[in-house]
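# Observations on chain architecture
In case you want the letters, here they are:
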Amino acid sequence: MPTSSPSPAPGQRQERGPGVGARTPHIAAAPGDFAPLVLMPGDPRRARRIAETFLQDARLVTDVRGILGYTGAHQGEPMSVLASGMGIPSVSVYATELFRHYGVRRIVRVGTAGAITESVAVRDVVIASAAHTDSSLSRILVDGVTLSLAPSYRLLHAAAAARQRERSGGEAVHIGPVFTSDHFYLDRPAVFDALERRGTLAVEMEAAGLYAVASAEGGEALAVLTVSDHLRTGDVLTAEERETDFDRALRIAATALLADA
């Protein structure tokens with residue numbers, strides 16, 4: 001059964017010597033337990049639901065700190081799911097360890113977001129073509145440079161093609177930039193007004209971190225988000241709806257993962 005291990009100091013890179021397994025301070029999976037393709041929701045319960053309802057023959061491979069990870073298959077291709085927790089620091093830890101220690105090649109975040117513009121409605125899907133952020137992340141990785149945080153073009157292109165098959169319902173699928181915030185309860189309306197004028201569709205808390213890690217580690221990443229609430233109208237999904245009402249985003253995410261696989 002997966003077990004936990006002590007964590008290194010913040011910022012400390014874990015080194016692995018010969019014969020040491022891929023287990024990290026935050027993931028207890030053995031070498032080879034993760035597929036190269038990974039779906040990444042924030043909520044561990046959502047990870048479990050994906051494993052139980054979307055993947056075939058899924059098995060639990062890690063549960064350190066309650067962050068659940070499973071590996072199974074989708075359409076005959078090995079595929080894993082691992083929760084990321086909330087915020088840039090958390091998603092950065094798990095994405096880095098997957099890319100660096102487990103041979104993962106692609107991660108697609110399947111999470112929720114709050115709509116900023118009135119053209120996006122609750123239950124719509126947003127495919128994040130870029131991630132603005134109020135985090136220092138985009139400025140500290142390369143000295144003197146503010147990085148543009150963007151997804152893999154291959155995954156974005158595949159997701160854009162997949163959205164054509166997801167237009168049967170009343171909810172739309174949008175492609176555009178999102179705002180990754182460090183502050184869930186950010187009370188600065190002028191910020192959202194300025195972002196909306198610049199075409200930003202929604203706000204969330206992880207995409208920029210995932211895109212930054214993928215760039216640094218040589219992997220591919222994308223965020224496909226279900227709109228769970230609306231900053232302008234006040235519409236909001238219940239906690240149960242947030243957990244279950246994301247099937248279209250999940251199908252688009254899996255299609256992107258399988259592109260040219």
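Right, let's walk through the structure included here.

Cut-offs applied
- Residues numbered from 1 in each chain as written.
- Predicted model: local features only at pLDDT ≥ 70, side-chain atom pairs only at ≥ 80, totals over all residues.
- Heavy atoms only, no water.
- Helix = DSSP H or I, 4+ residues; strand = E, 2+ residues; numbered from the N terminus.
- Buried < 20%, exposed > 50% of the residue type's maximum accessible area, 1.4 Å probe, protein only.
- Contact = heavy atoms within 4.5 Å.
- Areas by Shrake-Rupley, 256 points an atom, 1.4 Å probe, with all protein chains shown as cover.
- Salt bridge = Lys/Arg side-chain N within 4 Å of Asp/Glu carboxyl O.
- Polar contact = N/O pair within 3.5 Å; in protein donor to acceptor, adjacent residues only side chain to side chain.

Looking only at helices and strands, the protein has 8 helices and 9 strands in total. When the 261 residues of the protein are sorted by exposure, 54% land in the buried category. For the protein, the proportion of contacts with a sequence separation of at least 24, taken over those separated by at least 6, is 74%. Carbon and sulfur atoms provide 49% of the accessible area of the protein, an area that totals close to 11,900 Å².

Tracing the sequence through the fold places Ala 214 in helix α6 (residues 207–217). Residue Ala 214 is classed as buried on the basis of its relative accessible area of 5%. Residue contacts for Ala 214: discarding those within four places in its chain leaves Phe 99, Gly 219, Glu 220 and Ala 221.

The next thing to look at is the pattern of salt bridges. Under the counting rule described, the total for this entry stands at 10 salt bridges. The partner of Glu 196 in a salt bridge is Arg 232, with the nearest N and O atoms 2.7 Å apart. Separated by 36 residues along the polypeptide, Glu 196 in helix α5 (residues 189–197) and Arg 232 in the loop between β9 (220–230) and α7 (239–244) bring together distant segments of the chain. The class of Arg 232 is partly exposed, set by a relative accessible area of 31%. Shared partners join several salt bridges into a network, and the residues in it are Arg 106, Arg 154 and Glu 220.

Mapped onto the fold, Thr 200 is located in the loop between α5 and β8 (202–204). Within the structure, the side chain of Thr 200 is placed 3.0 Å from the backbone oxygen of Leu 195, a separation counted as a polar contact. Those residues in contact with Thr 200 that lie beyond four places of it in its chain are Ile 116, Thr 117, His 132, Pro 177, Val 178, Phe 179 and Leu 195.

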